[in-house]
Protein chains: 2
Amino acid sequence: MAEEKKKEKAEENMVFVGKKPTMSYVLACVTQFNGGINEIHIKARGKSISKAVDVAEITRNKFAEGAKIKSVDIGTDEITTENGDKINVSTIDITLAK
Amino acid sequence: MAEEKKKEKAEENMVFVGKKPTMSYVLACVTQFNGGINEIHIKARGKSISKAVDVAEITRNKFAEGAKIKSVDIGTDEITTENGDKINVSTIDITLAK
């Protein structure tokens, strides 16, 4: 129980951008800011990276005025495909703070 | 003539990522580093942003060892479409330094 709570807490200020429409993730960010979170990590891998930048920019410019891009980190993850091949995929972590 | 030279100089340390294959832009970065440039701006807009991150990561990890991500800036440009509509497009500017 305590561990479950801890896990929830750890993911509280993160938004993982994937295949849903951009505005779903913008809404997730706005909801977190309105719930009292002051710093959100917007994360994505591969082709979703462009969408993560859109999410950060739309949230900042249209919905959470005063929010700023605190940092942008890029990196590489090695993932194993279904065939057992190892491939590299780029990652982004945008920290948005108000 | 002097102005032309100035313009060339200004674009010397920039790589604009667009529709070509990723490795074309990696090659452009490697060529600039080998030509004596110590700091390259990798820029992209919209869906090419993911590719720009790939270009920076592949250049840094495979071809220009010792090169580091100095900064990553994201922003929004307003562009006018053929129909005269104004739309917002996200941008990225990755500074890679060796």
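Residues numbered from 1 in each chain as written. Chains lettered and ligands numbered in written order. Predicted model: local features only at pLDDT ≥ 70, side-chain atom pairs only at ≥ 80, totals over all residues. Heavy atoms only, no water.

Quick look at the overall build of chain A
Quick note on the threshold: A run of H or I in DSSP counts as a helix once it spans at least four residues, and a run of E counts as a strand once it spans at least two, with each numbered from the N terminus. Exposed residues in this analysis have more than 50% of their type's maximum accessible area, buried residues have under 20%, and partly exposed residues fall in between, with area computed by a 1.4 Å probe over protein chains only. Whether two residues are in contact is decided by their heavy atoms: any pair within 4.5 Å suffices. The accessible surface values rely on the Shrake-Rupley method and a 1.4 Å probe; as for residues, cover is taken only from the protein chains in view.
From N to C terminus, chain A includes three helices and four strands. For chain A, the N- to C-terminal ordering of α and β elements is α-β-α-β-α-β-β. By the burial criterion, 38% of the 98 residues in chain A qualify as buried. Considering only residue pairs separated by 6 or more positions, chain A has 64% of its internal contacts joining residues 24 or more positions apart. Per element, the accessible surface of chain A, about 6200 Å² overall, is 49% carbon and sulfur.

A look at the relation of the copies chain B and chain A
To keep it simple, the criterion reads: For this overlay, a least-squares fit was computed on C-alpha atoms, restricted to residues scoring pLDDT of at least 70 in both copies.
For the pair chain B and chain A, the best superposition has an RMSD of 0.0 Å and corresponds to a rotation of 180° with a translation of 0.0 Å parallel to the axis. What we have between these two chains is a two-fold relation. A share of 95% of the interface residues of chain B reappears at the interface of chain A, consistent with the copies meeting face to face through the same patch.

Here we look at the pairing of strand E4 (residues 86-97) of chain B
Residues and elements named next belong to chain B. Note the following rule: A pair of strands is treated as paired once DSSP finds two or more bridges between them.
Summarising burial for E4: nine of the 12 residues are buried, a large majority. Across seven bridges, the pairing between strand E2 (residues 39-45) and E4 is antiparallel. Pairing of Ile40 across the sheet is with Leu96, part of E4. Hairpin connection between strand E3 (residues 68-80) and E4: a loop of five residues separates the two successive antiparallel strands, and Gly84 in this loop has a positive phi of roughly 90°.

Quick notes on the nonpolar core
As a reminder, the rule being used: For this analysis, a nonpolar core means a set of buried residues of the types Ala, Val, Leu, Ile, Met, Phe, Trp, Tyr and Cys, connected via side-chain atoms within 4.5 Å.
Ile42(A), Ile92(A), Ile94(A), Ile42(B), Ile92(B) and Ile94(B) are the most contacted members of the largest nonpolar core, which has 46 residues in total. When neighbours within four sequence positions are excluded, Ile92(A) is seen to be in contact with Ile42(A), Lys43(A), Ala44(A), Ile49(A), Ala52(A), Val53(A), Val72(A), Asp73(A), Ile74(A) and Ile92(B).

Brief notes about the sheet that holds strand E3 (residues 68-80) of chain A
All names here are of chain A. What counts is decided by this rule: Every axis in this analysis is a line fitted to C-alpha atoms, fitted for helices over the stretch in contact. Angles between the N-to-C directions lie between 0 and 180 degrees.
What the four strands build is an open sheet, ordered E1-E2-E4-E3; its pairing is mixed. Pairing within the sheet leaves two strands with one partner each, and these edge strands are strand E1 (14-16) and E3. In this sheet, adjacent strand axes meet at a mean angle of 20° when their direction is disregarded. Along the sheet, helix H3 (residues 49-63) contacts strand E2 (39-45), E3 and strand E4 (86-97); its crossing angle with E4, the most-contacted strand, is approximately 5°.

Topic: the sheet that holds E2(B)
The sheet built from four strands is open, its strands ordered E1-E2-E4-E3 (chain B) with mixed pairing. If you trace the sheet from one side to the other, it starts and ends with strand E1 (14-16) and E3 of chain B, each paired once. In this sheet, adjacent strand axes meet at a mean angle of 20° when their direction is disregarded. Packed onto the sheet, H3(A) meets E3 and E4 of chain B and runs at close to 65° relative to E3(B). Here helix H3 (residues 49-63) of chain B sits on the sheet in contact with E2, E3 and E4 of chain B, set at roughly 5° to E4(B).

Details of the packing of H3(A) against H3(B)
To keep it simple, the criterion reads: Two helices that cross are described as forming a left-handed crossing if the nearer one is turned anticlockwise from the farther one by less than a right angle, and a right-handed crossing if clockwise. For this scheme, ten residues count as nonpolar: Ala, Val, Leu, Ile, Met, Phe, Trp, Tyr, Cys and Pro. Four count as charged, namely Asp, Glu, Lys and Arg, and the remainder, Gly too, count as polar.
With their axes 6 Å apart at the nearest point, H3(A) and H3(B) run at an angle of 115° to one another. In this structure, H3(A) crosses over H3(B), and the sense of that crossing is right-handed. Residues Ile49(A), Ser50(A) and Val53(A) of H3(A) form the contact with H3(B), whose participating residues are Ile49(B), Ser50(B) and Val53(B). In terms of residue class, the contact of H3(A) with H3(B) is built from four nonpolar, two polar and no charged.

Focus on the packing of helix H2 (residues 22-34) of chain B against H3(B)
Residues and elements named next belong to chain B. We apply this condition: Throughout, the term roughly parallel applies to angles under 35 degrees, roughly antiparallel to angles over 145, roughly perpendicular to angles from 65 to 115, and oblique to all others.
Two numbers describe how H2 lies on H3: the axes approach to 9 Å, and their chain directions differ by 50°. When the axes of H2 and H3 are compared, the pair comes out oblique. Considering only the axes of H2 and H3, their crossing is right-handed. Where H2 approaches H3, its residues Thr22, Met23, Tyr25, Val26, Cys29, Val30 and Phe33 are matched on the opposing element by Lys51, Asp54, Val55, Ile58, Thr59 and Phe63. Taken together, the residues of the contact of H2 with H3 sort by class into nine nonpolar, two polar and two charged.

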